[in-house]
Amino acid sequence: MHFRNASRIQEDENWMKIRMDFKNLSIRKKLLILFIMVGIIPLSITFFVSQHEIRKYALDGQSYANNQTYEQSLSVLSSRMSHIEEISSMLVVNKSINSIFSMNPDHLEISKQISLFGDITSYTQILESDSQFNNIMYFVNDGFVMAGKSSLYRPLSQVQGQKWTKTFLEAKGRSTWLIFEDEYNFLKPKKYLTLGRALWNENNYMESVGFVMINIDLEQITEALRPSVPGQLVYVETADGEIVASTGGEEELARMRLPYTLNSSASYSEIHLESGTYLVRGNQIGSTNLYIVSVIPSSAVMSIIIRIREQMLSIYAVIGLVILAFIFPITRSITQRIFLLMNKMSQVRQGRLNTLDLEPRTDELGHLISSYNYMINSVQELMEEQFRLGQEKKGAELKALQSQINPHFLYNTLDMVNWMAQKDEVENIQSVIHALSDYYKLVLSKGEDYVTVGEEVRLCSVYMEIQKNRYKDRIKLVVTMEDDAFPCLLPKITLQPLVENAIVHGIMETEERTGTIRIHGRIEKERLIVSVEDNGAGIQERQERHASYQGSGYGVENINKRLNLFFGDEAREIQFISTEGKGTLVIIDVPVVKR
């Protein structure tokens, strides 16, 4: 009981697995399975059912054709043989012929013999005009002058003692058919199918006076034998088993000939020989001692069935191919759009929002694709709106960060101008005012939030022009920028605060209060590297670098934020390398971006 329950559970699990596997099949495979079940399987069932019926009708038709062909050959031969037997009877009962052959040639003059035999010759020639046989021969007493003078009259002594003469005599006047070889033919020996009868003395019916023989060319018999299927053997034989004619050669006869004389019913029957299984039929030809036998190999009959089956298979194969030729475009028209839609949806998961550009259709898939395209367009519009709002927000943040410097730097510069005015340094005031004007022109930069490295360097130079008036040329600015770095973009006012920090928290904190600021830039592996270096006092405590290393209220954190807004995650945080008493190196590392 436990084993039976376990077996049933296993069967249920297998069935569930098959159902799940089917559910997980692709739509194309499911459609193909559906079309096969609806089209191919019924077509196959129809093929096998119709093949069975057609096989039955083909066998019946072939059997009918075989019997008809056999009956036709039998009828032709029976008619011919009966006709020839009638002619032989006409000769045997002819009183003139019997009377002449019964005479004693020694008692007849030659002229009389010639006259009498002339009458027989004329009568015989009339009968020979019949095309159903070749010729007539008489075997007569050697004493007659005509014996041996022509092919019509043969000397009786030529055939005395031969087996067939005994056969004719034993037949007591009845027709007897046999194979006769005319060895005394003037041209060459030739075999005939011969109907022979004995001629009796009209004065003594116990005494034979000769023989009459009607000959048929064996080729005429062969022409009457018509096989109905390839490989069939049809032959005619005597009651003694002597072959008269055959549609096959010696090899076919040796392999397919029956070992006995067959006189069967009106249809074919199956027999087994050493060489195989055959369908055979045999019948006596009229009232003769001849038999016609037909032997058909079973394989020949089956070859017809196989040929019909192959023809049917070809037809059904063509129909199947036509069905498949329609199935694949239909399934393709359905599944191709589904696969394209799946591909586009997979791209959406990767962040690529692309619509599916296909010819609009009004079926279910067409509506689904239209809805997908509408969704993608809506998402793109929302993302564009979000991006625009984000850009506006970034712009606002940049402007807010940039605006932090303007008031403070302006206050310091105006204090310096006020101080110069108190000392009546008119020329210096004029120089500072011009530099301040240039500075704010560069800062405004036509409303742009991003400027080139070259414009940043120029802003730093203008800033240093203002600071020179304040610090009396105690601070120098040296720029060593590689040419390919000048076109790169940076948020404006990025380097100037670092220069200001270098002055205020670097050089101004040394005892000499003099120093040099170096700005260097290069491109390395598609990244812009810009450094601001001073030889000032350096940074005393690492943890206070970002907090203390700032000028004009515009700290390093402010620069980092703007770099992140512009370059995103690819911007690296500003790096400080400082040695107390020797100076500070500030490094900016961002991706290369050009207009």
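All values derive from a computational prediction rather than experimental measurement.

## Observations regarding the packing of helix α12 (residues 453-471) against helix α13 (residues 495-504)
Helices that pack against each other are described as a pair by the angle of their axes relative to one another and the distance between those axes.
Point 1. Across the interface, α12 lies against α13 with an axial gap of 9 Å and an inter-helix angle of 30 degrees. Overall, the two elements α12 and α13 adopt an arrangement that is roughly parallel. In this structure, α12 meets α13 at a crossing whose hand is right-handed. Judged by residue contacts, E456, L459, C460, Y463, M464, Q467 and Y471 of α12 engage L495, Q496, V499, E500 and I503 from α13.

## Brief notes about unusual backbone geometry
Point 1. One non-glycine residue, R513, adopts positive backbone phi at about 55 degrees.
Point 2. Take R513: it is sitting in the loop between α13 and β14 (515-524).
Point 3. The exposure class assigned to R513 is partly exposed, which follows from its relative accessible area of 35%.
Point 4. Backbone geometry at K525 places phi at a positive 55 degrees, although glycine is not the residue there.
Point 5. Note on placement: K525 falls in the loop between β14 and β15 (527-534).

## With respect to the sheet that holds strand β10 (residues 290-297)
Point 1. Overall, antiparallel pairing links the five strands, which are arranged β7-β6-β10-β9-β8 in an open sheet. If you trace the sheet from one side to the other, it starts and ends with β7 (243-246) and β8 (269-273), each paired once. Along the sheet, successive strands turn relative to each other by an average axial angle of 30 degrees, direction set aside.
Point 2. Looking at chain direction, strand β9 (residues 276-284) and β10 are connected through seven bridges and run antiparallel. By the bridge assignment, Q284 is partnered in β10 with Y291.

## Here we look at the environment of A254
Point 1. For A254, the position within the fold is in helix α7 (residues 250-256).
Point 2. Note: C-alpha distance between A254 and S275 (21 residues apart in sequence) is 9.7 Å.

## Some remarks on the side chain of S73
Point 1. Residue position: S73 is located in helix α2 (residues 27-92).
Point 2. Given the relative accessible area of 3%, S73 is considered buried.
Point 3. Once residues within four sequence positions are removed from consideration, S73 is found in contact with A224, L225, R226 and I292.

## Quick word on helix α4 (residues 110-128)
Point 1. Over its 19 residues, α4 extends 26 Å from the first C-alpha to the last, a length consistent with the 27 Å expected when each residue adds 1.5 Å.
Point 2. All buried positions along α4 are accounted for by Q113, L116, F117, I120, T121, T124 and L127. Viewed end-on, α4 has its buried residues packed into an arc of 145 degrees, placing them on one side of the element. For α4, the exposed residues set more than 90 degrees away from the buried face come down to D119 and I126.

## Some points on the confidence of the model for the protein chain
Point 1. Taken as a whole, the protein chain shows an average pLDDT of 80; of its residues, 85% reach a score of 70 or greater.
Point 2. The least confident element of the protein chain, judged by mean pLDDT, is helix α14 (residues 545-548) at 44; the most confident is β15 at 94.
Point 3. Segment residues 542-553: pLDDT under 50, and 29 contacts once partners within four positions in sequence are set aside and those in other chains are kept.

## Some remarks on the packing of aromatic side chains
To describe a pair of aromatic rings, you give the distance between the ring centres and the angle between the ring planes.
Point 1. Enumeration according to the criterion identifies 14 aromatic pairs in this entry.
Point 2. Here the aromatic rings of F101 and F117 are separated by 5.9 Å at their centres, their planes lie at 40 degrees, and the arrangement is tilted. With a gap of 16 residues between them, F101 in helix α3 (residues 95-102) and F117 in helix α4 connect regions that are remote in the sequence. Pair check on accessibility: F101 and F117 agree, each one buried.
Point 3. Measuring from ring centre to ring centre gives 6.0 Å for F168 and F211, while their planes differ by 50 degrees; the resulting arrangement is tilted. Separated by 43 residues along the polypeptide, F168 in helix α5 (residues 163-170) and F211 in strand β5 (residues 208-217) bring together distant segments of the chain. Here the two residues F168 and F211 agree in accessibility, since each one is buried.

Procedures and definitions
- Residues numbered from 1 in each chain as written.
- Predicted model: local features only at pLDDT ≥ 70, side-chain atom pairs only at ≥ 80, totals over all residues.
- Heavy atoms only, no water.
- Axes fitted to C-alpha atoms, helices over the stretch in contact; angles between N-to-C directions.
- Helix = DSSP H or I, 4+ residues; strand = E, 2+ residues; numbered from the N terminus.
- Parallel < 35°, antiparallel > 145°, perpendicular 65-115°, else oblique.
- Left-handed = near helix turned anticlockwise from the far one by under 90°.
- Contact = heavy atoms within 4.5 Å.
- Buried < 20%, exposed > 50% of the residue type's maximum accessible area, 1.4 Å probe, protein only.
- Pairing = 2+ DSSP bridges.
- Expected span 1.5 Å × (residues − 1).
- Arc of directions from axis to C-beta.
- pLDDT = per-residue confidence, 0-100.
- Phe/Tyr/Trp six-rings, centres within 6.5 Å; stacked < 30°, edge-to-face > 60°.

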